[in-house]
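Examining the three-dimensional arrangement
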Amino acid sequence: MSLFFGNNIFMNLLSTFNARDEPKSEFWARLLVLGIVVTMTRAWALTNLFEVLLVCITFYDPSLRKKVLSSFNDVRVFAVFLFWLWIAFSMSWSGAPIMERLDEFWSWRKLILVPICFTLFERDADKRLLMVVIVAVCSMYMVATWLGYFNLVELYRVPKHYLENHATQGVLFGACSLFCVLLALQNPNWKSTCLFVLLVAGFIANILLISTGRSGYLFLVVISGFSAFFWAKSQFKARVLSLLAGFGAVCIILATLFINETTRREINTAFTDIETAYTSKQLTSLGIRIVMWSNSLVLIENKPLLGSGAGGYKYDYGALVADQDGWRSKVIDDPHQQYLHIAAEHGLIGLLFFILAFSSWLFSKIPGTQIFYVAGIAVLLGTAANGFANGHFSAFVEGRFFWISVAAFLAGTKSYFPSLKIYSKPEK
């Protein structure tokens, strides 16, 4: 496995570095993005350092800077920064301390990666390199979790939380299972196909037997359904067959989840937690979510258009639950529901900007090389579905994985939206 990934990474880096018409700054910037992908799962300080260096290179090199600024003419990129600007604007009416307002704004700095990745990863070779690096990193975690699961090595965390937590692990392993399938389709030789089949089996079995995060289950259902739908559509050109293929893939994954004892237990526990959310004396994962979501709806009703302002969510939430007893009075700053969180903190206007920021990528035209388009849209749809029970768009690991993957895999594609005239390259 290491030889395969090593050769692929080396050859792709070599082809990138030898691009004669490309400034070396773009090579180093691309290398820093790959460094962020490698370090974001464990070495957060290095991730922050790489991001600072990436921004410095982007602004220092005139050619790269102009290309990145030109990317804002694309509605998809502009919409992302429009949402970030609204977060900055929402600091003005927040009742939180100034440092907490700034912290909320700065926590979305991962959005800086969108125009940079959209600029750097236009070529298929670069997209493939990114995909291989993601799979290689997650493969190491996957192998380690299996070794820990069978007590062959001692891990410093339980296997289901080895890659950050069970939700993160399930989401990234689900994405990598799709990436392996797509890479196998592009490299149709028996050696690589056998390797990718083994990796897919390892990732999916890990989700079913080790990673107990229900986010991983939902993510796998969504990306499987979309991938099957898209494949059937490209093969048969018939919408009915495409819908049947997508529906069939969803049914197969759901049946597997309910047949498997581990996943069935987790799903049944979720239903029990929901039913007892207002009667249980013990705090449960889904129970507290139901309470938090209900309270968030009240906060939205109180301040519908503008919300509490950046960093102000937990203060309004704390005032709302002050008269509650037990775990239901717990003050939180994240309701684990991305859309309610944004609506409560940044208002319905902010939610509108946020939906535009990620959904505009769905209006990307299908390019000649379709595997990267499938990867980008699948990650988008899976993360959007998980947004109803988690905050993956804004999380440190999943957030970077999402914005980097979508921007990079859909880089070079055309949008159905007309181009904006925000930045024009100055004439020489």
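Throughout what follows, the structure given in this document is the object of discussion. Note that the coordinates shown come from a computational prediction; the quantities given were computed from them, not determined experimentally.

**Some thoughts on the overall build of the protein**
A tally of regular secondary structure across the protein gives 18 helices and zero strands. Computed over its C-alpha atoms, the radius of gyration of the protein comes to 22 Å, within 12% of the 22 Å expected for a compact globule of 428 residues. Projected onto its principal axes, the C-alpha coordinates of the protein cover approximately 65 × 55 × 50 Å. When the 428 residues of the protein are sorted by exposure, 54% land in the buried category. At a minimum sequence separation of 6, the contacts of the protein that also span at least 24 residues come to 75%. Looking at the protein as shown, the accessible area adds up to about 19,700 Å², and 67% of this sits on carbon and sulfur atoms. Within the protein, one finds 35 positive and 27 negative side-chain charges whose respective centroids are separated by 8 Å.

**Things to note about the packing of helix α2 (residues 24-39) against helix α8 (residues 124-149)**
In contact at an axis separation of 10 Å, α2 and α8 are set at 25° when each is read in the N-to-C sense. Relative to α8, the element α2 is oriented roughly parallel. By crossing handedness, the relation of α2 to α8 is classed as right-handed. The residues of α8 that touch α2, namely those facing Arg30, Leu34, Val37 and Val38, are Asp126, Leu129, Leu130, Val133, Ile134 and Val137. Looking at the contact of α2 with α8 residue by residue, the class counts come to eight nonpolar, no polar and two charged.

**What about the environment of Phe173?**
Inspection of the secondary structure assignment puts Phe173 in helix α9 (residues 166-186). Sequence spacing of Phe173 and Pro62 is 111 residues, and the spatial spacing of their C-alpha atoms is 38 Å. Beyond its immediate chain neighbours, meaning those up to four positions away, Phe173 contacts Cys138, Tyr141, Met142, Thr145, Leu163, Phe203, Asn206 and Ile207.

**Observations concerning the packing of helix α7 (residues 113-120) against helix α18 (residues 396-409)**
Look at α7 against α18: their axes get within 8 Å of each other, and the N-to-C directions meet at 35°. Crossing of α7 over α18 shows right-handed handedness. Contacts between α7 and α18 involve Leu113, Val114, Cys117 and Phe118 from the former and Arg400, Trp403, Ile404, Ala407 and Ala408 from the latter. Here the contact of α7 with α18 is built from residues that sort into eight nonpolar, no polar and one charged.

**Some thoughts on helix α17 (residues 371-386)**
Between the first and last C-alpha of α17 there are 22 Å, a value that for 16 residues agrees with the 22 Å anticipated at 1.5 Å per step. Extensive coverage of α17 is indicated by the burial of 15 of its 16 residues.

**Focus: the nonpolar core**
Core analysis: the largest hydrophobic core is formed by 118 residues, its most contacted members being Phe179 and Trp361. The dominant element in this core, judged by the number of residues it contributes, is α8, at 13 residues.

**Some thoughts on a nonpolar patch on the surface**
A contiguous nonpolar patch, built from Val143, Leu147, Tyr149, Phe150, Leu152, Val153 and Leu209 and spanning about 610 Å² of accessible area, is present on the exposed surface. Of all the elements, α8 adds the most residues to the nonpolar patch, at three residues. If you trace the backbone, Tyr149 turns up in helix α8.

**Section: the state of the cysteines**
What the rule picks out here adds up to zero disulfides. Between Cys56, a free cysteine, and Cys117, which holds the nearest cysteine sulfur, the sulfur-to-sulfur gap is 16 Å.

**A few points about the side chain of Ser227**
Tracing the sequence through the fold places Ser227 in helix α11 (residues 214-236). For Ser227, a relative accessible area of 15% puts it in the buried group. Those residues in contact with Ser227, other than ones at most four positions away along the chain, are Leu178 and Val374.

**Structural notes on the pattern of salt bridges**
Here the structure, examined in full by the defined rule, presents nine salt bridges. A salt bridge links Lys314 to Glu100; the nearest nitrogen and oxygen atoms lie 3.7 Å apart. Of this pair, Lys314 sits in helix α15 (residues 313-320) while Glu100 sits in helix α6 (residues 98-106), and the two are 214 residues apart along the sequence. On the accessibility criterion, Glu100 (27% relative accessible area) is partly exposed. Of the charged contacts in the structure, one is a salt bridge between Lys303 and Asp316, with a shortest N-O distance of 2.9 Å. Residue Lys303 is located in the loop between α14 (285-302) and α15, and its partner Asp316 is located in helix α15; the two are separated by 13 residues in the primary sequence. Linked by salt bridges that have partners in common, Arg30, Arg123 and Asp126 make up one network.

**Some remarks on the packing of aromatic side chains**
Considering all chains together, one arrives at 35 aromatic pairs under this definition. Residues Trp146 and Phe150 carry aromatic rings whose centres are separated by 5.9 Å and whose planes lie at 20° to one another, so their mutual orientation is stacked. Judged by its relative accessible area of 15%, Trp146 falls in the buried class. The exposure class assigned to Phe150 is exposed, which follows from its relative accessible area of 52%. Where Tyr156 meets Tyr162, the ring centres are 6.1 Å apart and the plane angle is 65°; that geometry is what we call edge-to-face. Judged by relative accessible area, which is 54%, Tyr156 ranks as exposed. Looking at Tyr162, the relative accessible area reads 16%, which means it is buried. One aromatic cluster is present, built from ring pairs that chain together Phe83, Trp108, Tyr339, Phe354, Phe358, Phe388, Phe393, Phe402 and Trp403. Lying across the ring of Phe121, Arg30 places its NZ or CZ 6.0 Å from the centre. The ring of Trp108 is capped by Lys110, whose NZ or CZ atom sits 5.6 Å from the centre of that ring.

Thresholds, definitions, all that
Residues numbered from 1 in each chain as written. Predicted model: local features only at pLDDT ≥ 70, side-chain atom pairs only at ≥ 80, totals over all residues. Heavy atoms only, no water. Helix = DSSP H or I, 4+ residues; strand = E, 2+ residues; numbered from the N terminus. Rg over C-alpha atoms; globule rule 2.2 N^0.38 Å. Buried < 20%, exposed > 50% of the residue type's maximum accessible area, 1.4 Å probe, protein only. Contact = heavy atoms within 4.5 Å. Areas by Shrake-Rupley, 256 points an atom, 1.4 Å probe, with all protein chains shown as cover. Lys, Arg positive; Asp, Glu negative; His and termini not counted. Charge placed at Lys NZ, Arg CZ, Asp CG, Glu CD. Axes fitted to C-alpha atoms, helices over the stretch in contact; angles between N-to-C directions. Parallel < 35°, antiparallel > 145°, perpendicular 65-115°, else oblique. Left-handed = near helix turned anticlockwise from the far one by under 90°. Nonpolar A, V, L, I, M, F, W, Y, C, P; charged D, E, K, R; others polar. Expected span 1.5 Å × (residues − 1). Core = buried A, V, L, I, M, F, W, Y, C linked by side-chain atoms within 4.5 Å. Patch = residues over 30% accessible without salt bridge, like charges linked within 9 Å, V, L, I, M, F, W, Y side chains within 5 Å. Salt bridge = Lys/Arg side-chain N within 4 Å of Asp/Glu carboxyl O. Disulfide = S-S within 2.5 Å. Phe/Tyr/Trp six-rings, centres within 6.5 Å; stacked < 30°, edge-to-face > 60°. Lys NZ or Arg CZ within 6 Å of the ring centre and 35° of its normal.

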